[in-house]
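Fold and contact review
Here is how the chains run, residue by residue.
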Amino acid sequence: MGDTQRIVYWVQRLSEIAMVGWLGMLLLVDVVASASVRGAQFLVPLCGVAGIVAIMLRRRHLVKGFSVTVGLSLATSLVIGVTNTPGMPGMAESGAILLLTISLLRHVTPMRRAVLLSLVGLVALMAEGVGRDYQGSAGLAFSFVLFVGWSVAEGLGLYLRIQQDRRRDTLSSVRRAERLELARELHDLVAHHITGIVVQAQAAKTVAEMKPEAVGPALDAIANAGTEALTSMRRLVGVLRADDEAARRPGTTLADLRLLTESFTASGPQVAFEVGTGLDERALAPEVLTTLHRVLQEALTNVRRHAPGTGWVEVDLRPVGGPYMPPALLGGGQGVRLRVRNYSSAADPRIKRLGGGFGLVGMAERVEALGGRLWAGPTEEGAWEVVAEVPS
C-alpha cells in the first residue's frame, strides 16, 4: 500500500471514529437528561445506543439498522405520549437518524425506496417533537429544529447521490467508448487474417496442378491464419462496432511504441524506453501490442496533464517474470508487462489509483478485455507509475 492509500485509509478510519465519538458525547447528554426528566425518558438513551450501533454497521446492514432505530424511536415517542409523562427528543437518537438518512439516500436502490425510507425517518423525528413535548411548551420548537436538520440531511444525501450517479454514468460512457474501439480493432484484425486466408487459398488453387507438393504448406498456412483469427475474436468478442470512419490498421509494432516516446520527449520531459531481453513482437498478438500502445499513450498524456514539473519518465516493456519486475498481477502464466513511471514532480495532484481518471478507467477496461490487469498509483520511492500486464 502506497503512502497516499495509507493516508486515505487512516483519514476514513479517523472520520468514522470521530463520528461515533460525537454521537457518544450526545448519548451522555441524553443519559443526564433522562436522570433529570425521569419517567419513560430512560428509553431515549436506549434509542441512542441502537442508533450508534446502526451507524457502525451501516455498510453491511444499512436498511435493517435504520429500521430498528426508527422503530425504537417511534415506540419510545408513543410510550411517552400515551403515558403523558415529560419527555425530550434524544440527541444521539436524532443525530443517528439524520446520518442514516444521508446514507440511505446515497446508497439504497431504487431511488423511490430510499426516499420512502427517508420520509419514515421524518415521521420518527416529528414524533419526537410532538410526542415528547417537554412541560407542554417545547414540542413546536423541537419539531422545527428536527425538521430543519432532516431537510439538510435530505439535501446532502440527494446531492451525494446525484454526484455518484453522474460518475457512474461517466464510467459507463468511457467503458462503452473503449469497447467500441475494441470492436473496430476486432473488425480490422479479422479482416487482416481473412484477407491472408483468401490470398493463400487462391495461391494454393493456382499451384495445385503444377506443384501438388506446395498445396500442403499452403493449407497449413491457411489453418494457422484461421486459428489466429479465431483467437482474436475470442479475446474481443461481445463488443459493438461504431459506424465511423476511424483509421484502420491490422496492428501496432514495438517501433510504434518507441516512436510515441520519442515524440513525447520532443515536447516534454525526457523518456527512457527499454525493451526487455527476449521480447519479440512476433510472439505477441496484434491486439496485445495495440492495447499496450494505447496504455502508453494514456499514461504519457497523464504525465503531461497532471505532472508538468516531472523530471523524467521511465518506460519499460518486459516479459512477465523478467528481472526487476514487481510481483505478477496475472497469478502466473506467460505475459508481457508495460510500466510507465515518472519522478521529480513538483506538484502531482492526480487521481488515486483508478478512482478519478476516466482515461485510465478506459484503459483498464481495455486491458481486462484481454484477460490482463492494470494498476496505477504511487510507489514507495515517491514516483507515480502505471503498470499494465497482458497475457501473450
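Before going into details, it helps to say that this report is about the structure given with it. Here the structure is a predicted model, which is why all the values come from computation and not from measurement. (Residues numbered from 1 in each chain as written. Predicted model: local features only at pLDDT ≥ 70, side-chain atom pairs only at ≥ 80, totals over all residues. Heavy atoms only, no water.)

Helix and strand counts for the protein chain come out as ten helices and five strands. The proportion of buried residues among the 392 residues of the protein chain is 42%. For the protein chain, the exposed area adds up to about 20800 Å²; of that, 62% sits on carbon and sulfur atoms. (Helix = DSSP H or I, 4+ residues; strand = E, 2+ residues; numbered from the N terminus. Buried < 20%, exposed > 50% of the residue type's maximum accessible area, 1.4 Å probe, protein only. Areas by Shrake-Rupley, 256 points an atom, 1.4 Å probe, with all protein chains shown as cover.)

Together, Phe144, Val145, Phe147, Val148 and Val152 make up an exposed nonpolar region whose accessible area comes to about 480 Å². With respect to the element layout, Val148 can be found in helix H6 (residues 139–207). Judged by its relative accessible area of 36%, Val148 falls in the partly exposed class. (Patch = residues over 30% accessible without salt bridge, like charges linked within 9 Å, V, L, I, M, F, W, Y side chains within 5 Å. Salt bridge = Lys/Arg side-chain N within 4 Å of Asp/Glu carboxyl O.)

Moving on to the environment of Gly382. Mapped onto the elements of the fold, Gly382 is located in the loop between strand S4 (373–378) and strand S5 (384–391). Distance from Gly382 to Asn342, taken between C-alpha atoms, is 9.4 Å for residues 40 residues apart in sequence.

Spatially, the five strands line up as an open sheet ordered S1-S2-S3-S5-S4, and their pairing is mixed. The open sheet has two edge strands, strand S1 (270–275) and S4, and neither has a second partner. Between one strand axis and the next, the sheet turns by 10 degrees as a mean value, whatever way the strands run. Examined bridge by bridge, S4 and S5 share six bridges and lie antiparallel to one another. By the bridge assignment for S5, Ala376 is matched with Val386. Helix H9 (residues 286–306) contacts strand S2 (312–319), strand S3 (335–342), S4 and S5 of the sheet and is inclined by roughly 10 degrees relative to S3. (Pairing = 2+ DSSP bridges. Axes fitted to C-alpha atoms, helices over the stretch in contact; angles between N-to-C directions. Contact = heavy atoms within 4.5 Å.)

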